[in-house]
Amino acid sequence: MVEIPKGTGGTRLGVPTVADRIAQMVVKRALGSYVEPYFHADSYGYRPGKSALQAVGVTRERCWKYDYLLEFDIKGLFDEIDHDLLLRAVEKHTDCRWVRLYIERWLVALSRQADGTLVECTPGTPQGRVSPLLSNLFLHYVFDKWMERHCPDHPFARYADDGVVHCRSTEEAHALQARPKERLGECGLELHPEKTRIVCCNVRTPPRVGVHQKFDFLGYGFRPRMVRSRSGKMFVGFTPAISPSAAKKIRQRVRRWRLNLRTSVSLEDLAAAVNPIIRGWVQYYGAFQRSTLISVLRHIDRHLVTWVKRKYKKRGRYLKRAMRWLGQVAHYQPGLFAHWHLARPFPAE
């Protein structure tokens, strides 16, 4: 194994070979058939039939019923899993010797450093297809079952190492914050001090010291917003929409496309190249408070206007003329770009 850099900084163990990846897929399918029926219903990460959008939807509904929640993040989950506890959990669910043998070999495999030296692995699971399953199995006993047994009145939603636990009061939230921290510490894990906090979900409750009014979960930002009821009336509700950090990543991704410089291709070619990515954004971030996503996707239209100005010199002399031309294209071809069906980019007249 070798060290792979993480997007948030630092490194983690990785499995680079194709043979190991194939073997991990086989082990994942074999072990998954044993452990999947035992997993908690509110565990949503890396499970068949479960998704991040389901976790966001459940959290959204519970924020209307509970006034407070504890947002938590487990620090370095994949790097700090105790091997002995994990192997005990695996043995509890399968007596298949080859499955246990392969998992044990992956956990204790030597890691090759940048200078070529081999180092014995510390606690943690190597990156690969079986790693999410093993982490879910570990947290099933460390957190999910423990919460079900000791805190049955506090519903939670967990996606891998991120999660929220709902409470009725600040007193409950403060008391609950200490108990999982102690439980995770007993099993070699630690709550992230900066990403674990108490949040008030009741828009009518005045702010309190040490209690936040918003939080981010799985790319969605939860905070008080103006929403429209089914009868058409506007009111303030605690609802999710695409988070500022996710919106920033989308704008950075669009900027890296350099659409304004790709004047050698047609508008249809541009659409074919970027539409698969845009559809993914619309499908995920457009599930809740779609209007917020539309304002983010307008960033694509601004780059397209710059493309028009560089591509067609006569239209590019004036900004309004380029915007009008792009609006006419969207009027006659509303499905050309995947986000145009949400809102037309510019007026055609």
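Going by the structure above, here's the rest.
Residues numbered from 1 in each chain as written. Predicted model: local features only at pLDDT ≥ 70, side-chain atom pairs only at ≥ 80, totals over all residues. Heavy atoms only, no water.

J.: An account of the nonpolar core is needed here, citing residue identities and associated values.
T.: One finds L267 and F337 to be the most contacted residues of the largest nonpolar core, which totals 55 residues. Sequence-distant contacts of F337, that is, excluding residues within four places in its chain, are made with L267, L270, A271, V274, N275, I278 and L304. Core analysis: the next-biggest nonpolar cluster, separate from the first, contains 44 residues, C96, C167, I198 and V211 among them. (Core = buried A, V, L, I, M, F, W, Y, C linked by side-chain atoms within 4.5 Å. Buried < 20%, exposed > 50% of the residue type's maximum accessible area, 1.4 Å probe, protein only. Contact = heavy atoms within 4.5 Å.)

J.: Quick one: what's the story with the packing of helix α8 (residues 244-257) against helix α9 (residues 267-285), residue by residue and with numbers?
T.: Where α8 contacts α9, the two axes come as close as 12 Å, and the packing angle between them is 170°. In this view, α8 runs roughly antiparallel relative to α9, as classed from their interaxial angle. Of the residues in α9, those in contact with A246, I250, R253, V254 and W257 of α8 are V274, I277, I278, W281 and Y285. (Axes fitted to C-alpha atoms, helices over the stretch in contact; angles between N-to-C directions. Helix = DSSP H or I, 4+ residues; strand = E, 2+ residues; numbered from the N terminus. Parallel < 35°, antiparallel > 145°, perpendicular 65-115°, else oblique.)

J.: Any details on the sheet that holds strand β6 (residues 156-159)? Residues and values, ideally.
T.: Strand order in the open sheet formed by four strands is β6-β7-β3-β8, with antiparallel pairing between adjacent strands. What marks the edges here is a single partner per strand, and that holds for β6 and β8 (197-200). In this sheet, neighbouring strand axes are inclined to one another by 20° on average, regardless of whether the strands run parallel or antiparallel. Inspection of the sheet shows strand β3 (residues 68-73) paired to β8 by four bridges, in the antiparallel sense. Looking at the pairing, E71 lines up with R197 of β8. Of the strands in this sheet, β3, β7 (162-167) and β8 are in contact with helix α7 (residues 170-186), which crosses β7 at around 140°. (Pairing = 2+ DSSP bridges.)

J.: Explain the packing of helix α1 (residues 18-35) against helix α5 (residues 97-108) to me, using residue names and the numbers behind them.
T.: The interhelical angle for the contact between α1 and α5, taken along N-to-C directions, is 130°, at an axis separation of 10 Å. It follows from the interaxial angle that α1 and α5 lie oblique. For the crossing formed where α1 meets α5, the hand is left-handed. Across from D20, A23, Q24, V26, V27, A30 and L31 in α1, the residues of α5 making contact are W98, V99, Y102, I103 and W106. Of the residues assigned to the contact of α1 with α5, the class counts are 10 nonpolar, one polar and one charged. (Left-handed = near helix turned anticlockwise from the far one by under 90°. Nonpolar A, V, L, I, M, F, W, Y, C, P; charged D, E, K, R; others polar.)

J.: Got a sec to walk through the environment of V199? Specific residues and values, please.
T.: Take V199: it is sitting in strand β8. Here V199 falls in the buried class, since its relative accessible area comes to 0%. Apart from residues lying up to four places away in sequence, V199 is in contact with D67, Y68, L69, E71, V211, H212, Q213, K214, F215 and F238.

J.: Any details on the layout of surface pockets? Residues and values, ideally.
T.: A volume near 410 Å³ is recorded for the second largest pocket. As for the second largest pocket, its lining consists of 22 residues, and the residues nearest its centre are W64, F235, G237, F238 and T239. Of all the elements in the fold, those that place two or more residues in the lining of the second largest pocket are α2 (52-65), β10 (220-228) and β11 (234-242). Residue contributions to the lining of the second largest pocket peak at six residues, all from β11. (1 Å grid on protein atoms, 1.4 Å probe; cavity = no way out; pocket = protein on both sides within 12 Å on 5 of 7 lines; lining within 4 Å. Points joined across faces, edges and corners; volume = space filled by probe spheres on them.)

J.: Hey, could you go over α8 for me, with residue numbers and the actual values?
T.: Taking 1.5 Å of rise per residue, the 14 residues of α8 would be expected to cover 20 Å, and the 20 Å separating its terminal C-alpha atoms lies within 8% of that figure. Listed as buried for α8 are A246, A247, I250, V254 and W257. All buried residues of α8 project into a common sector of 100° when viewed along the axis, lining one side. Of the residues in α8, the exposed ones pointing more than 90 degrees away from the buried face are P244, K249 and R256. Structurally, α8 contributes buried residues whose contacts are with β11, α9 and α10 (290-311). Once α8 ends, the next one or two residues include R258, with phi positive near 55°. (Expected span 1.5 Å × (residues − 1). Arc of directions from axis to C-beta.)

J.: How would you explain the sheet that holds strand β9 (residues 215-217) if you had to name every residue and give the values?
T.: Strand pairing in a sheet relies on backbone hydrogen bonds, with the paired strands running either antiparallel or parallel. Strand order in the open sheet formed by three strands is β9-β10-β11, and the pairing between neighbours is antiparallel. Every interior strand has two partners, whereas the edge strands, β9 and β11, have only one. If you compare each strand with its neighbour and ignore which way they point, the axes differ by 50° on average. Relative to β10, β9 is paired through three bridges, and the arrangement is antiparallel. Paired with F217 across the strands is Y220, a residue of β10.

J.: I'd like to hear about empty space enclosed by the protein, residue by residue, with values.
T.: Going through the model one piece at a time under the given rule, you end up with one cavity of 30 Å³ or more. Space inside the largest cavity adds up to approximately 40 Å³. What lines the largest cavity is simply I294, L297, R298, D301, H339, L342 and A343. Class assignment for the residues of the lining of the largest cavity results in four nonpolar, one polar and two charged.

J.: Requested: an account of the side chain of H154, with residues and values cited.
T.: If you trace the backbone, H154 turns up in the loop between α6 (131-150) and β6. Accessibility expressed as a relative area gives 13% for H154, which makes it buried. A distance of 3.1 Å separates a polar atom in the side chain of H154 from the backbone oxygen of H166. Residues within four places of H154 in sequence aside, it is in contact with M147, V165, H166, C167, E172 and L176. (Polar contact = N/O pair within 3.5 Å; in protein donor to acceptor, adjacent residues only side chain to side chain.)

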